[in-house]
Amino acid sequence: MKYAIGCFFSAVIGGLVVSALDAPSAGLIASSEAQVQPNLTGPRIIPPSPLKPAPPEVNANKTTPEHITELFNQRGLSPEEEINVSVYEKLNKSVVHITTKGTKSDGFFMLEYDTEGAGSGAIIDKAGHILTNYHVIEDAQQVNVTLFNGKSYQATFVGADAINDIAVIKIDEVPEVLFPVSMSDSSKLKVGQRVFAIGNPFGLERTMTCGIISSLNRSLKLRGNRTIKSIIQIDAAVNPGNSGGPLLNSHGQLIGINTAIASNTGQSSGVGFAIPSNLVARVVPQLLTHGHMIHPEIGIQRVYETEQGLLIAKLTPAGPAEKAGLRGPKIVRQRRGLIVIERVDRGAADLIVAVDQKQIKSAADFLDYIESKKPGDTVVVTVLRGKEQTPTKVSVTLTASQSTRP
């Protein structure tokens, strides 16, 4: 009996041991074995699958909001690019390349040598007249003009105004090949307005640069002591060869002539100057008619600038000012024995303080005001006269200057 009970317990214990050995243990099973026989209980974790973009939502009734517009036009250009391209396409055929040939003498050895120059110009009518700077063709013995189609012509001189650095030349060509520019009113320009310069810098024909108007009514000394106060300052790149070329607005209209740069190197430094179109419009008709500018003449050749005003230094004999009664310095002669001594009494000269009740502080102010008039106009000059400096008003009728081709 005891033997039977012992066998029973042995069998039970053995079965339990075998079951324990066959049962999986988390701490004893290698990872590789668990992958071969994943006999785990509990929720199954499935690795995420790659994300796929959701298909676009199709809504036939969906419309583009009104505040969203197309950035590019049918030509693939932005609005700013379209303006730039349109200005060039409209005006590049109006711009010409000017080359000059001449001779100069060496002052020391008295030898002559050939000179060449280059610049730009703009066609202003179907008759073949071309607008440019006077300094582009100055002293030239031969002027050649090249059009957009590569055809070259020998130009003839029509007229020039050296004081304002404006000149007109002419070529003979059929009207169908000529594309004139149109002019705009430069008095309506604003600082910050976009501008375009087309010319031939360094001989690179019909090159366009763009920028803005940096300032207006700048003073620029163009020739001798002549200063123009209505000059346009721009930041568009202007280099040698651009002189005489057109300055244009966004409508492709001429608003000035590129004439000078401020630079220590002779190349663009972002400060360029242009003669305004209103001055061009006043000068060109006279160049076409007379070959020169008929400037109003007051008959005062020279003045001294003082803190009080302009002291007359020299009057034109029998000129408008002298005829009207303005006084210059007197020549005082004194005899000392056999010798006659002459001296200039400047105290006898009139001191100009105003013209047409406009105060005058400099010779440039005085000249600019007279230049704004026409021959035949009358101006009232206010002067201080005599030791007591009594204010006196003198009416002077301007005459036409007798200038000829520079």
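Values in this document were obtained by computation on a predicted structure and should not be read as measured data.

Asks: Mind laying out the packing of aromatic side chains, listing which residues take part and the relevant values?
Replies: Overall, the coordinates contain one aromatic pair when judged by the stated rule. Here the aromatic rings of Phe148 and Phe179 are separated by 5.7 Å at their centres, their planes lie at 75°, and the arrangement is edge-to-face. Here Phe148, found in the loop between β4 (142–146) and β5 (152–154), pairs with Phe179, found in the loop between β7 (166–170) and β8 (194–199); they are 31 residues apart in sequence, far enough to count as distant. The class of Phe148 is partly exposed, set by a relative accessible area of 25%. By relative accessible area, Phe179 is classed as partly exposed at 31%. Of note, Lys126 hangs over the ring of Phe179, and the distance from its end group to the ring centre comes to 5.6 Å.

Asks: How would you summarise the side chain of Asp125 if you had to cite specific residues and measurements?
Replies: In this structure, Asp125 sits in the loop between β2 (112–123) and β3 (129–132). Although Asp125 lies buried, it forms no salt bridge, and the closest oppositely charged side chain, Lys170, sits 7.3 Å away as judged by the N-O distance. A distance of 3.2 Å separates a polar side-chain atom of Asp125 from the backbone nitrogen of Gly128. Within the structure, Asp125 has its side chain in polar contact with the side chain of His129 (distance 2.8 Å). Leaving out residues up to four positions away in the same chain, Asp125 has contacts with Leu178 and Pro180.

Asks: With reference to specific residues and values, describe the pairing of strand β21 (residues 378–385).
Replies: With six of its eight residues buried, β21 lies for the most part within the structure. Here strand β19 (residues 351–355) pairs with β21 via four bridges, running antiparallel. In the strand pairing of β21, Leu351 is matched with Leu384. The sheet contact formed by β21 and strand β22 (residues 390–397) spans eight bridges and is antiparallel. The residue bridging Leu384 from the neighbouring strand is Pro391, located in β22. Taken together, β21 and the strand that follows it, β22, pair antiparallel across an intervening segment of four residues, in which Gly386 is found at a positive phi of about 75°.

Asks: Tell me about unusual backbone geometry, and name the residues and values.
Replies: Even without being glycine, Asp139 reaches a positive phi, approximately 65°. Note that Asp139 resides in the loop between α4 (134–137) and β4. Unusually for a residue other than glycine, Phe202 sits at a positive phi of about 55°. By secondary structure assignment, the location of Phe202 is in the loop between β8 and β9 (207–223).

Asks: Lay out the sheet that holds β2 with the relevant residues and their values.
Replies: Ordered by their spatial adjacency, seven strands build an open sheet running β5-β4-β1-β2-β3-β7-β6, and the pairing between neighbours is antiparallel. Looking at the sheet topology across the chains shown, the edges are occupied by β5 and β6 (156–161). The mean angle between the axes of side-by-side strands here comes to 30°, regardless of whether they run parallel or antiparallel. Looking at chain direction, β2 and β3 are connected through two bridges and run antiparallel.

Asks: Give me the nonpolar core: which residues, what numbers.
Replies: When a protein is soluble and globular, its nonpolar side chains tend to lie buried together. Residues Leu131, Ile166, Leu248, Ile275, Val280 and Val284 are the most contacted members of the largest nonpolar core, which totals 26 residues. If you tally residues by element for this core, the top one is helix α5 (residues 277–290), at five residues. With residues near it in sequence (within four places) discarded, Val280 still touches Leu131, Ile166, Met183, Ile257, Ile275 and Pro285.

Asks: Would you mind going over α5 in detail, with residue names and values included?
Replies: Note: α-helices contain 3.6 residues per turn, so residues at a spacing of three or four share the same orientation. The end-to-end C-alpha distance of α5, which contains 14 residues, comes to 20 Å, matching closely the 20 Å that a straight helix rising 1.5 Å per residue would cover. Val283 marks the point of greatest bend in α5, at about 25°, and the proline Pro285 comes within the next four residues. Regarding α5, the residues found buried are Ser277, Leu279, Val280, Val283, Val284 and Leu287. Remark: Gly291 follows α5 within two positions and exhibits a positive phi of approximately 85°.

Quick notes on the rules
Per-chain numbering applies: the sequence of each chain, read as written, is numbered from 1 onward. Owing to the predicted nature of the model, reporting of local features is limited to residues with pLDDT of at least 70; listing and counting of side-chain atom pairs is limited to 80 or more, with chain, interface and lining totals taken over all residues. In computing side-chain values, all of the structure's heavy atoms are included and hydrogens and water are not. Each aromatic pair joins two rings of Phe, Tyr and Trp (for Trp, the six-membered one) with centres within 6.5 Å, and gets the label stacked for planes under 30 degrees apart, edge-to-face for over 60, and tilted for any other angle. The helix and strand labels rest on DSSP assignments: H or I over at least four residues marks a helix, E over at least two residues marks a strand, and numbering proceeds from the N terminus. Note on classification: 1.4 Å probe, protein chains only; a residue is buried when its accessible area is under 20% of the maximum for its type, exposed when over 50%, partly exposed between these limits. When the NZ atom of lysine or the CZ atom of arginine is within 6 Å of a ring's centre and also within 35 degrees of its normal, the charge is said to sit over that ring. Positive charge is attributed to Lys and Arg, negative charge to Asp and Glu, and no charge count is given to His or to the chain ends. Here, a salt bridge means any side-chain nitrogen of Lys or Arg that lies within 4 Å of a carboxyl oxygen of Asp or Glu. Whenever a nitrogen or oxygen atom comes within 3.5 Å of another N or O atom, the pair is scored as a polar contact, on the condition that within protein one atom can donate a hydrogen and the other can accept it, and that pairs from neighbouring residues in sequence are kept only if both atoms are in side chains. The contact definition used throughout considers only heavy atoms, calling two residues in contact when any of these lie within 4.5 Å. Strands are labelled as partners when DSSP assigns at least two bridges between them. Between the N-to-C directions of two axes lies an angle of 0 to 180 degrees, each axis being a line fitted to C-alpha atoms and, for a helix, fitted only over the stretch in contact. Joining through side-chain atoms within 4.5 Å is the link that ties buried Ala, Val, Leu, Ile, Met, Phe, Trp, Tyr and Cys residues into a set, and such a set is a nonpolar core. Every helix has an expected span of 1.5 Å times one less than the residues it contains. Note that the bend at a residue is defined as the angle between axes fitted to the seven residues ending at it and the seven residues starting at it.

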